[in-house]
Structure formats: C-alpha cells, structure tokens
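# Architecture and fold: a report
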Amino acid sequence: MENSKGVIGCMRDEFVLTNGVRVVGERLPYLRTVSIGVWMHTGSMFELPGENGLSHFMEHMVFKGTEKRTARQIAEEMDAVGGQLNAFTGKDCTCFYAKVIDEDLPLAADILSDLVIHASLDENEMNKERGVILEEIAMDEDSPEDMVHELLSKAMFGAQPLGMPILGTAELIRSYTRQDLVDFRARHYFPAETVIALAGNYDAEQVREVLEGCFGGWNNQGEKKTAPPCHVLQGQMALRDKDTEQMHLCLGFPGTAYGSDDLYPQAALNIILGGAMSSRLFQRIREELGMAYSIYTFPNTYQDCGTFGIYAGVSPQNGERVLGEIRRELDRLVKDGVTEKEFRDARQQLRSGFLMGLESPGSRMQAMGRRMLLMGKSGTPEETISAIDSLTIQQVMDAARRVLTVPPCLAAVGKGAEKLHL
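The sections below set out a description of the structure shown in this document. Because the structure is a prediction, the values reported are computed rather than measured.

Ranked by size, the top nonpolar core spans 49 residues in total, and within it Ile36, Phe57, Leu211 and Phe215 carry the most contacts. Per-element accounting of this core gives the leading share, eight residues, to helix 3 (residues 105–118). In this view, Leu211 contacts Phe15, Leu17, Val23, Ile36, Ala109, Ile196 and Gly216; residues no more than four positions away in its chain are not counted.

Our focus in this paragraph is the sheet that holds strand 12 (residues 409–414). Pairing is mixed in the open sheet, where five strands are placed in the order 8-12-9-11-10. Where the open sheet ends on each side, the last strands, each with one partner, are strand 8 (237–241) and strand 10 (295–301). For this sheet the average axis-to-axis angle between neighbouring strands, irrespective of direction, equals 15°. Pairing of strand 8 with strand 12, which is carried by five bridges, proceeds in the parallel orientation. Each bridged residue has a counterpart across the sheet, and for Met237 the counterpart in strand 12 is Leu410.

Tracing the backbone shows Cys409 in strand 12. Sequence separation between Cys409 and Arg344 is 65 residues, and the spatial gap between their C-alpha atoms is 30 Å. Among all residues touching Cys409, those that are not within four sequence positions of it are Leu152, Ala155, Met156, Leu233, Gln234, Gly235, Gln236, Cys250, Leu251 and Gly252.

So, about the packing of aromatic side chains. Per the counting criterion, the structure on display carries seven aromatic pairs. An angle of 80° between the planes, with centres 5.7 Å apart, marks the rings of Trp39 and Phe88 as edge-to-face. Taken together, the positions of Trp39 in strand 4 (residues 33–40) and Phe88 in strand 5 (residues 84–89) put the pair 49 residues apart, joining distant regions of the chain. Of the residues examined, Phe88 reaches a relative accessible area of 26% and is grouped as partly exposed. Aromatic rings pair up to connect Trp39, Phe88 and Tyr97 into one cluster. Sitting over the face of the ring of Phe46, Lys225 holds its NZ or CZ atom 5.1 Å from the ring centroid. The ring of Tyr258 carries the charged tip of Arg370 above its face, separated from the ring centre by 4.6 Å.

So, on to the pattern of salt bridges. Within this structure, the stated rule accounts for 28 salt bridges. For Glu77, the salt bridge identified is with Arg69, shortest N-O distance 3.0 Å. Judged by its relative accessible area of 26%, Glu77 falls in the partly exposed class. Relative accessible area serves as the criterion here: at 7%, Arg69 is assigned to the buried category. Between Asp114 and Arg69 there is a salt bridge, and its shortest N-O distance comes to 2.9 Å. Remark: Arg69 occurs in the loop between helix 1 (54–61) and helix 2 (71–80) and Asp114 occurs in helix 3; sequence separation between them is 45 residues. In this structure, Asp114 and Arg69 share a single accessibility class: buried. A single salt-bridge network, built from bridges that share partners, covers Lys68, Arg69, Glu77, Asp110 and Asp114.

We now examine the packing of helix 9 (residues 263–273) against helix 12 (residues 340–357). How two helices pack is summed up by the angle between their axes together with the distance between the axes. Contact geometry of helix 9 with helix 12 gives a least axis separation of 9 Å together with a crossing angle of 110°. Between helix 9 and helix 12, the angle falls in the class roughly perpendicular. The handedness of the crossing between helix 9 and helix 12 is right-handed. Taken together, the residues of helix 12 that come into contact with helix 9 (itself represented by Tyr264, Ala267, Ala268, Ile271 and Ile272) are Glu342, Phe343, Ala346, Gln349 and Leu350. Of the residues contributing to the contact of helix 9 with helix 12, the split by class is eight nonpolar, one polar and one charged.

Criteria and thresholds
Residues numbered from 1 in each chain as written. Predicted model: local features only at pLDDT ≥ 70, side-chain atom pairs only at ≥ 80, totals over all residues. Heavy atoms only, no water. Core = buried A, V, L, I, M, F, W, Y, C linked by side-chain atoms within 4.5 Å. Buried < 20%, exposed > 50% of the residue type's maximum accessible area, 1.4 Å probe, protein only. Helix = DSSP H or I, 4+ residues; strand = E, 2+ residues; numbered from the N terminus. Contact = heavy atoms within 4.5 Å. Pairing = 2+ DSSP bridges. Axes fitted to C-alpha atoms, helices over the stretch in contact; angles between N-to-C directions. Phe/Tyr/Trp six-rings, centres within 6.5 Å; stacked < 30°, edge-to-face > 60°. Lys NZ or Arg CZ within 6 Å of the ring centre and 35° of its normal. Salt bridge = Lys/Arg side-chain N within 4 Å of Asp/Glu carboxyl O. Parallel < 35°, antiparallel > 145°, perpendicular 65-115°, else oblique. Left-handed = near helix turned anticlockwise from the far one by under 90°. Nonpolar A, V, L, I, M, F, W, Y, C, P; charged D, E, K, R; others polar.

Okay, structure coming up:
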C-alpha cells in the first residue's frame, strides 16, 4: 500500500487488489461520511454500432436484482442506513457509487460489489426496464436543449463512436435480449479495467480488507481497453425544425483531450468566454442585447480528443443575429486578446472552484476515480493547484487561437432551425 500525506487536508492511499482492481482513496478524518465509487472502463464510445446503448442498459439492470438481493432489498438496505446509491453512464466510463456514514462503508462496498459482479440480469426485469429506458429516450426527445446537444455530438463526430448516443436508439433498445447483456458484461466488466475510488473518513487497513473480501474473488478476464480513434469534424450542421417557443443553438469546436497540458488554459478560456456571469457572451448576448436567458460555453474532454461548445436559447426570430453576435465576440477575443483582469479573475475562479470542490468527498471521489481509470494515475490536489497557479495569459490566448479559429459545427432545434447556416 502506498500512502502519501498531502497539504490539502487528506492522506492519500493507493493499492491494487489481488485480482488487479486498482483502489485510490483520500482519508478525510474530520468527516463522518465516505463516498465510494466503482468505475468501469465502458461507455458508449466503446460500443459497436449494433450494441449502442448497452452500457447504459447494463447500468440500469444491475439495480434490478442480484444473486442474493432483489431490487427492493437493494433499496431497503441502503435506505435503512440513510445512505445514497446511484450510478451514471458516460461516453468513456460507467460509475456505480454510494455515500454513507463511515461505519456503513462495509455495507456500501458489499452492495456495490453485488451490483457489479452478481447482477442476475433477469429477463422479466429486463423487459420492464426496457420500457423505462424507452421513456428516458422519449423524454430527451421532448427536451429541445437535450436534443440540441445530442445533435451537436452527431455533427462533430458523425459515424464515429463518440457520435453515438449514450442511451442508444429506441429501435436498438427494443431489440436487445438478455444474452446481449450477459455477453456485454463478460467483455466489458473485469478487474483489470476497474477502479474503486473513495473519499471520506475510513480506516485504510479496514478498507483494504473489506474491498478484498467484496471484490477479490472476482476473476473475469478481458482485453485492455484503448480509446477508439476519433477526430472532431469541422463545418458540419445538424438542424431540426421543431415547434418550440425557443430556438436552441449549439456551436462546436475541437477542444483538448483529457489529461492534456492544454486542459487548464482551455478551462480559463471557458470562464472568460461563457462560463461565468461576467463572461463576454453572457454580458453581450444576455445583459446588453437581452436576446437569451441561457447562454454558456462547455468543454468536454475524452481520452484522445475534446470539444468546446457554445449553447444559447433564443427566440426563433433572433437565431441568425445571435449566431452573428457570437461569432463577432469570438473574432474579437482572438484578435484583441483577453485583458489582464479577465485572466486574473478566470485563474482565481478556477482555483476557488477547485478548492470548494475539495470540501465535497463526492467530488474528490469522482475526480480521483475518473483520472485513475482514464490516465492510470490519480493526481493530487497540490498538482492541480500548481497547474492553475502557473497558468499564463499567453497559454490562454494560444488555446483561444487553437480552438476558436477553425470552422465550427452547428446544431439547432426550433422553429426555422433548418434555415440557419454557418
């Protein structure tokens, strides 16, 4: 076991279980809770076209019963100790997580291992959950803001794995059988591509013993995951006319990959351009012109690539003008640069936001788990603070020129959306 003392209020633990599951933790003895997550290296980008949506389907199905617990028992056992149990599926990972009082960590670990390793994948329950997922897909179709983000993903990646929806399509979800889930689990759920992350008040030796007992007997084998090659397309459009009161717009640019040295310069650019109330797009489009209630920028990072997006919800008659105003703000930033005050404020917001996040064991757990899963190392808070403090205005401008000067992709949903152009 490797232990290291950090200067930001925690003791770090890293070790590997006998079957190859990697564990990373941060002990926070001043808390009475602990957050624990089991991270699986599977998501929609690792799916074949004919199995799109199975990562998410599997995430749902593990809660429907295991070899020793029914779905009701899973819920009752966690509720009985006042804990929280949930999961999420992304493009590049799936995470099952719990938050409990420190004394209930063994129970949380046992339930999580039961879900990941021993889910029964009952056919009757699968048919019920199929309907739930179809409703989830329909709900997204009824949400134009969700729809425009999905359209942007399709525009930016086309037929590449990152262009496939996390939920899958209704047609595919209707077609899947129990055997599809069994085969998918056998290929994608195995110790060598699993990370357990935890943060909160725990005893390091007890944790190792508990996790070895819960997960150590799991010996499924699989091939090491490598991110499929993806590249961000340029100048593509995905437009959907829909009878909505607002038109929902998204512009998408190539961004930076997860773990890249450009990650923090891009994060500062995000704050300056559209990630805060004082940002340029918020002040220009909402405060000065009054043409949007919601406008923001959003970077997404994956293992081999990333994206940088801009969203705005506007009246249909203002769609073209808002697109023009956004492009003018981008051109002005690239041409004239950011001010020293904008840079200092953005760097301080990054620093403050990160330090505030350290007060949440759940945030710590998620940051460690994803980084260990995707990068093979967990990093430390000190490293993050050092990277933020060493940012320069030149790095931010380099990021701006790299990101904002290429032809963007456009997605739009709303009345008259199909008449828009770049």
